[in-house]
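Observations on chain architecture
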Amino acid sequence: MNGERLLSAIGSIGDSFINSASEENVCRIFRARRFRLIRGLTAAACACAVISFTIPAIINGRPPVNVTVPESSVEASDSSAEASGSAAVSEALQESETTDVSAEISEAASQGGDPASADPQVSDEEPPSDMSEAFQVSDPTFGEVTSGEEYPEFTDEVRLGGWIFSLYSREGDENAVLKVNWPSQAGTLYITVYPSETEYIEYTPCFSQEEGKAAVTEHTIAGITAESYITITVVTGSGETIGTVTVYPTIHR
Amino acid sequence: MEDSDIIGLYFDRDERAISESDAKYGVLLRGISKNLTGSPDGAEECVSDTYLAALNAIPPTVPQSLRAYLCRIVRNLSVTYFRKSASARRKAVTVPLTEELSEILPDRSESPETGLTESIERFLREEREDNRLLFIRRYFYGDSPEKLAGMTMMSVGQINARLFRLRKRLAKYLKEEGFAP
């Protein structure tokens, strides 16, 4: 039977094919592709909003209305800042096959394609220019985290890009717990504990998270003392380094 | 343990090669085998046979990638298990897999016996990366469309549609390569 013959033939494909299709890699590729598509569509929506305000004003012989599109939403829409909305959309359409696009367009639109409702907080996708801005100790309850849970015992909330880190430590306990709130983006965390310089690497390839809700992971960090601090470098699934932050544990007394 | 160290254990005929291989790749291998045989017992048998086959083949074989090498063995053993076992045939996902692939080559086609794998590899190289990965996950690893949908954040319908188009393109490609009339 030729179906079985084909099945056997596929069983002999080369190592590179087999290794490239690891579960982690598949998650990473599809997540990056989806992110690019949504980014392109958001840029296009912003461009359309500007055009829809400007052209009627020109036709009516009036100077264009001074339209203010939130800069942060434009930046988040296309970090390269060179692709116009239409170019980004055509790129996105080329990447995607026709029947897939319609569903993803409607989904993307419902996720934030409306420029009027563009949330300036999406600029979190950009690395902060000043690392001191990234180090913000704020409300310990993970106030803006949409995980649906609260962690009042966690302190030292530190933000970097779309990532939020929070550390819980107790006096006399050398194991601290690092809670990470992930944006909808895969990535790798390179964690180093000082002064011992113990290194951890945490790779999170894929979340089965609900739409619009952030995923939260917990990592045990050993060897924490009152003098310890940890640094975390975030590298996205596509290899972009977002930056490094320092988190100081608060030893509860 | 690094792959090179595990391969070293195989070369030394050290039985720890099996336990170390199982610690590193056991979950992956059982997953593939269970996908294809549909039976945890069958998967366990195929994985055990995989380690024995590797122990017998290394040396002289020196796998470039131990992961791919073990995956290939367990997959082929699982397909063989499926062919031999009537109960596996009733339960296994291999049945829909073979049915899907049967559409590509007609049963009575007098196609060449050799070169089919090479043609499939050429076809996959010409495909876009995401389609290539989807094809390999479905037809090498035996993942169900439901699992692929979760992995890729797409719907099952989208996955099935993509796989259908991929099969059609592969059928056309193999026809041009002389594998079908």
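Just above sits the structure.
Okay, so let's go over this structure. (Residues numbered from 1 in each chain as written. Chains lettered and ligands numbered in written order. Predicted model: local features only at pLDDT ≥ 70, side-chain atom pairs only at ≥ 80, totals over all residues. Heavy atoms only, no water.)

Here we look at helix 1 (residues 3-11) of chain B
Residues and elements named next belong to chain B. Taken together, the buried positions of helix 1 are D3, I6, I7, L9 and Y10. One side of helix 1 carries all its buried residues, which in axial view fall inside an arc of 150°. Residues of helix 1 that are buried make contact with helix 2 (16-37), helix 3 (40-57) and helix 4 (66-84). Positioned one or two residues after helix 1, R13 has a phi angle of 60°, which is positive. (Buried < 20%, exposed > 50% of the residue type's maximum accessible area, 1.4 Å probe, protein only. Helix = DSSP H or I, 4+ residues; strand = E, 2+ residues; numbered from the N terminus. Arc of directions from axis to C-beta. Contact = heavy atoms within 4.5 Å.)

Side note on the pattern of salt bridges
Within this structure, the stated rule accounts for 15 salt bridges over all chains. Close ionic contact of R169 of chain B with E127 of chain B constitutes a salt bridge, the shortest N to O distance being 2.8 Å. Within this pair, whereas R169 of chain B is found in helix 10 (residues 156-176), its partner E127 of chain B is found in the loop between helix 7 (116-126) and helix 8 (129-139), the two being separated by 42 residues in sequence. Two residues, D143 of chain B and R137 of chain B, come together in a salt bridge whose shortest N-O distance is 2.6 Å. Here the salt bridges do not stand alone but share partners, grouping E23 of chain A together with R137, D143 and K147 of chain B into one network. (Salt bridge = Lys/Arg side-chain N within 4 Å of Asp/Glu carboxyl O.)

Re the packing of aromatic side chains
All names here are of chain B. A full pass over the atoms with the stated rule returns four aromatic pairs over all chains. With 4.9 Å between their ring centres and 55° between their planes, F135 and Y139 make a pair best called tilted. Pair noted here: F135 and Y139 are both in helix 8, with a separation of four residues, about one helical turn. The class of Y139 is buried, set by a relative accessible area of 0%. On the basis of an interplanar angle of 70° and a centroid distance of 5.2 Å, the ring pair of F140 and Y141 is categorised as edge-to-face. (Phe/Tyr/Trp six-rings, centres within 6.5 Å; stacked < 30°, edge-to-face > 60°.)

Examining the packing of helix 7 of chain B against helix 8 of chain B
Residues and elements named next belong to chain B. Two numbers describe how helix 7 lies on helix 8: the axes approach to 8 Å, and their chain directions differ by 140°. As the angle between them shows, helix 7 and helix 8 are arranged oblique. Between helix 7 and helix 8, the contacting residues are I120, L124 and R125 on the first element and R132, F135 and I136 on the second. For the contact of helix 7 with helix 8, the class distribution of residues is four nonpolar, no polar and two charged. (Axes fitted to C-alpha atoms, helices over the stretch in contact; angles between N-to-C directions. Parallel < 35°, antiparallel > 145°, perpendicular 65-115°, else oblique. Nonpolar A, V, L, I, M, F, W, Y, C, P; charged D, E, K, R; others polar.)

Some points on the environment of T246 of chain A
All names here are of chain A. Along the polypeptide, T246 turns up in strand 8 (residues 241-247). Taking relative accessible area as the criterion, T246 reaches 24% and is therefore assigned partly exposed. Each C-alpha atom of the pair T246 and V158 lies 8.1 Å from the other, and the pair is 88 residues apart in sequence.

So, unusual backbone geometry
All names here are of chain B. Here I58 and P59 are connected by a cis peptide whose omega angle stands at -15°. Note that P59 resides in the loop between helix 3 and helix 4. Residue P59 is joined to P60 through a cis peptide bond whose omega torsion reads 10°. Here P60 is to be found in the loop between helix 3 and helix 4. Non-glycine residue R13 carries a positive phi angle of around 60°. Here R13 lies in the loop between helix 1 and helix 2. Unlike most non-glycine residues, M153 shows phi in positive territory, near 60°. Its location among the elements puts M153 in the loop between helix 9 (145-152) and helix 10. Residue M153 is classed as partly exposed on the basis of its relative accessible area of 28%.

In short, geometric facts, not functional conclusions.
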